[in-house]
Amino acid sequence: MESGEAAGPGGPDGPGSQFCCASFNQDSTSLALGTKAGYKLFSMTTLEKLDCIHESETPDVYIVERLFSSSLVVVVSTSMPQRMNIYHFKKGTEICNYSYPNTILAVKLNRQRLVVCLEESVYIHNIKDMKLLKTLLNTPSNPSGLCALSTNHSNSYLAYPGSATTGEIIVYDSNNLNTVTMIPAHDSPLAALTFDTSATKLASASEKGTVIRVFSIPEGLRLFEFRRGMKRYVNISSLSFSPDGQFLCASSNTETVHIFKMDQLGPSGGDEAATWTAYVGKMFSAASSYLPTHVSGIMSQDRAFATVHLLTSVQRNVCTMAMIQKLPRLLVATADGQLFIYNVDPLDGGECMLAHKHRLFGIDDDEGEGEESEGSDVTGPAQACPSYAATAALPVSGPITATLTGYSEDGGAKKGEVIPEHEFAAGPVCLDDENEFPPINWCRDGTGGGPTRRS
C-alpha cells in the first residue's frame, strides 16, 4: 500500500504520546506500528482478530516498513536517524544496516527495489543484494521525505517532488533508472502521493488539501479530479487506492475520511445515465468547453463517493483500503494507537459503518482510558505479542550484528557473497513465508560501508 505513514522523524504526536509511526504493507495485509518502547507487526486477515506477529524492543522507531507478507522489515530509530537496519524478524537476525549522509525521512519497498529518501537526495537499491544502483542528488528540498514507490515490480515507478514551491511531480523508472515524465500537478507544494497496484495511476494532493488529482502513468495525463472541500485548507496525510484501483481514500487532520470512485463521465448503461449526478456531470462536462479553465475545472470535479467520520480529529492517521473476508474495507490507524475498520458499500457509497475497532497498545499503555465510546466495538487490548526470542527460528543468541559489508561506497560489489538463486522467484524476491524467505546472506564478514560519499 502506497498508503503513507503517520508521524515521522520529528517524533510522535503530542508530548507524552507513545505513538511514533504507523504503516500498512504493500497489500494492506499487515500493519507496522512504531512506538517509544519498540515496534510491533500485526496481521490483518479477519475483522475480529488482530494478531501481533512480532514485537521488538528497539526504542523510538519512527520508520518501520514490512515487505509484503515476508519476514523482511526495515527499521529506523531516532537514536540513529542516519542508519537503516534491515531485519529478518522470524529468524531473529539483522540482515544488514546501511548509513547515509543525513537523516532518513522515508523508506519504500517493492519486490525489486528499496528506496531511501533524504531531504535533498534519493538512493535506489536493488533489494536482492542491496547494491546501490542510483543516487539522485540535489533533488528539490523535501523536508517531509514525501515519495511513492509502486508496488508493481514490473513497472517500478518512483514519484517525488520536482519543486519545493509548486506541486510538480517527477516520475522515475527505478528499473531502467531514467526519468519518465514530469507532471505539473498542483500550484502549491505536494503533500501526498500514491500509485495504484498496477502502477498505471498516480494520485496526488497539495498542501492546500482541497483538490486530489489522478494521473495516468507513464503518460502523466490527468484522469480525475476530486474536491475534498471548498472552504478550508487541510493537511492530507494519507492517500491510498483500493486493490482493484477503482477507489481512492484520503485522510487528513480533520474528522472525515473521503473515498472517491474512479468513474468516467460519458456514454454508459441505463442505470448510470438515469442518475441525477450522472446527468449533471454530463451537463457540466459539455459546458466546460465554453468556460474559462479555472471555472470548468471546478465544475468537472467529483465529490466523495463515500465518507467516514472518525471519533476524534486533529491527529495524524494513515488509511488504506483492503479486502478482508472477501469484502471491501477502509482501515484507519490513528495516532492514539487505535485501528478502525469500516465497511464500504461499493455500489451506493455513502456513510461507512464501523465494523470493528482494535486497540494497538496494551492496557498499560492506555493511561486514563476508562471509558469507551458508546456503540463502538472494542476488542480491548491486542493479543499478547510473542517475545522477540519466541519469534526467532534460530537458537536464542541475540540477533546477528552486521553491517552492509562487501560493497564499495559507489555500490559496486566488492567481495560480498553471491545470493543463492533459490532465495528468489524468477525476477523479484520470493515472498511466501511458508516456503522461502527474503535473502539473509546479503552481508557477512568485512569492514562495512554505506553511501556516505557523493560521487
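Summary of the structure given here. Counting restarts for each chain: residues are numbered from 1 in the order of the written sequence. pLDDT decides what is reported in this predicted model: residues at 70 or higher carry local features, side-chain atom pairs at 80 or more are listed and counted, and totals for whole chains, interfaces and linings draw on all residues regardless. Calculated side-chain values reflect all of the structure's heavy atoms, with hydrogen atoms and water omitted.

**Quick word on the overall build of the protein chain**
Put simply, the rule reads: Numbering goes from the N terminus for both helices and strands, where a helix is a DSSP run of H or I of at least four residues and a strand is a run of E of at least two. Burial here depends on accessible area, computed with a 1.4 Å probe over protein chains only, as a share of the maximum for the residue type. Under 20% is buried, over 50% is exposed, and the range in between is partly exposed. Any two residues whose heavy atoms approach within 4.5 Å are treated as being in contact. Accessible areas in this description were obtained via Shrake-Rupley with a 1.4 Å probe; residue shielding takes into account the shown protein chains only.
Each helix and strand counted, the protein chain has 4 helices and 30 strands in total. Per-residue burial for the protein chain yields a buried fraction of 53% across its 455 residues. Taking the intrachain contacts of the protein chain between residues at least 6 apart in sequence as the baseline, contacts between residues at least 24 apart amount to 48%. For the protein chain, the exposed surface amounts to about 19,400 Å²; the carbon and sulfur share of it is 51%.

**Some words on the sheet that holds strand 8 (residues 83–88)**
Let me state the cut-off plainly: The criterion for strand pairing is that DSSP finds at least two bridges linking the strands in question. Only C-alpha atoms enter the line fits that serve as axes; for helices the fit covers just the stretch in contact. Angles between N-to-C directions range over 0 to 180 degrees.
Spatially, the 4 strands line up as an open sheet ordered 6-7-8-9, and their pairing is antiparallel. Across the chains shown, the open sheet's two edge strands, defined by having one partner strand only, are strand 6 (61–66) and strand 9 (93–99). Across the sheet, the mean angle from the axis of one strand to that of its neighbour is 20 degrees, orientation sign disregarded.

**Things to note about the packing of aromatic side chains**
The condition that has to hold: Two aromatic rings, drawn from Phe, Tyr or Trp (for Trp, its six-membered ring), form a pair once their centres lie within 6.5 Å of each other, and the interplanar angle then sorts them: stacked below 30 degrees, edge-to-face above 60, tilted otherwise. Whether a charge lies above a ring is judged from NZ of Lys or CZ of Arg, which has to be within 6 Å of the ring centre and within 35 degrees of the ring normal.
Scanning all chains against the criterion turns up 6 aromatic pairs. For the ring pair Phe224 and Phe226, a centre distance of 5.9 Å and an interplane angle of 10 degrees mean the geometry is stacked. A residue is classified by how much of its surface remains accessible, and Phe224, at 7% relative accessible area, is buried. Judged by its relative accessible area of 1%, Phe226 falls in the buried class. Consider the rings of Phe340 and Tyr342, whose centres lie 6.4 Å apart with planes at 25 degrees: the pair is stacked. Assigned by exposure class, Phe340 and Tyr342 land together as buried. Ring-pair connections join several aromatic residues into one group, and the members of that group are Tyr98, Tyr100 and Tyr123. Here the basic side chain of Arg111 rests over the ring of Phe68, its NZ or CZ set 4.0 Å away from the ring centre.

**Topic: the nonpolar core**
Put simply, the test is: Working definition of a nonpolar core: buried Ala, Val, Leu, Ile, Met, Phe, Trp, Tyr and Cys residues. They are joined through side-chain atoms within 4.5 Å.
If you look at the biggest cluster of nonpolar residues, it comprises 23 residues, and the most contacted ones within it are Met84, Ile86, Ile104, Val107, Leu114 and Val116. Elements with a contribution of two residues or more to this core: strand 6, strand 7 (72–77), strand 8, strand 9, strand 10 (106–109) and strand 11 (113–117). Residues Ala22, Ala322, Leu331 and Ala355 belong to the second largest nonpolar core, which totals 21 residues.

**Focus on the environment of Gly220**
Counting through the fold element by element, Gly220 comes out in the loop between strand 20 (211–216) and strand 21 (222–227). According to the relative accessible area criterion, Gly220 is buried, its value standing at 17%. If near-sequence neighbours (up to four positions away) are discounted, Gly220 is found in contact with Ile183 and Phe215.

**A closer look at the sheet that holds strand 14 (residues 148–149)**
Where strands meet in a sheet, backbone hydrogen bonds hold them as pairs that are either parallel or antiparallel. Taken in spatial order, the 4 strands line up as 14-15-16-17 in an open sheet, and their pairing is antiparallel. Either end of the sheet is taken by a strand with one partner, and the two such strands are strand 14 and strand 17 (178–186).

**Structural notes on the pairing of strand 19 (residues 201–206)**
Most of strand 19 sits inside the fold, with 6 of its 6 residues counted as buried. Of the two faces of strand 19, the one lined by Lys201, Ala203 and Ala205 and the one lined by Leu202, Ser204 and Ser206 are each fully buried. In terms of strand pairing, strand 18 (residues 190–195) meets strand 19 through 5 bridges, oriented antiparallel. Its bridge partner lying in strand 19, Leu193 is registered against Ser204. Relative to strand 20, strand 19 runs antiparallel, the two being bridged by 5 bridges. Counterpart to Lys201 in the pairing with strand 20 is Ser216. Counting the residues in the hairpin turn of strand 19 and strand 20 gives 4 residues, including Gly209, whose phi is positive at 75 degrees.

**Points about the environment of Arg222**
Among the structural elements, Arg222 can be located in strand 21. Residue class for Arg222 comes out partly exposed when judged on its relative accessible area of 47%. Along the chain, Arg222 and Ala203 lie 19 residues apart, while their C-alpha atoms are 9.7 Å from each other. Sequence-distant contacts of Arg222, that is, excluding residues within four places in its chain, are made with Arg213, Val214 and Phe215.

**A closer look at the pattern of salt bridges**
Counted only if it meets this: Any carboxyl oxygen of Asp or Glu within 4 Å of a side-chain nitrogen of Lys or Arg constitutes a salt bridge here.
Applying the stated criterion across every chain, the model contains 5 salt bridges. Between Asp196 and Lys201 there is a salt bridge, with the nearest N and O atoms lying 3.5 Å from each other. Of the two residues, Asp196 and Lys201, both sit in the buried class. Connected via shared salt-bridge partners are Arg213, Arg222 and Glu225.

**A short note on the pairing of strand 18**
Across the 6 residues of strand 18, 5 count as buried, placing the element largely inside the fold. Where strand 18 folds back onto strand 19 in an antiparallel hairpin, the turn is made up of 5 residues, including Ala199, whose phi is positive at roughly 60 degrees.

**Details of the side chain of Lys201**
With respect to the helices, strands and loops of the structure, Lys201 is situated in strand 19. Exposure remark for Lys201: the relative accessible area of 13% places this residue in the buried category. Ignoring sequence-local partners within four residues, the contact set of Lys201 consists of Thr194, Phe195, Asp196, Val214, Phe215, Ile217, Leu223, Phe241, Gly245 and Met262.

**Focus: unusual backbone geometry**
Cis geometry is found at the peptide bond from Ile217 to Pro218, where omega equals 10 degrees. Note that Pro218 resides in the loop between strand 20 and strand 21. Phi at Ser28 is positive, roughly 55 degrees, even though this residue is not glycine. Of note, Ser28 is situated in the loop between strand 2 (19–24) and strand 3 (30–35).

**Brief notes about the side chain of Ser216**
Inspection of the secondary structure assignment puts Ser216 in strand 20. Judged by relative accessible area, which is 8%, Ser216 ranks as buried. Setting aside residues no more than four positions away along its own chain, Ser216 makes contact with Thr200, Leu221 and Leu223.

Scope: geometric values only; no functional claims are made or implied.
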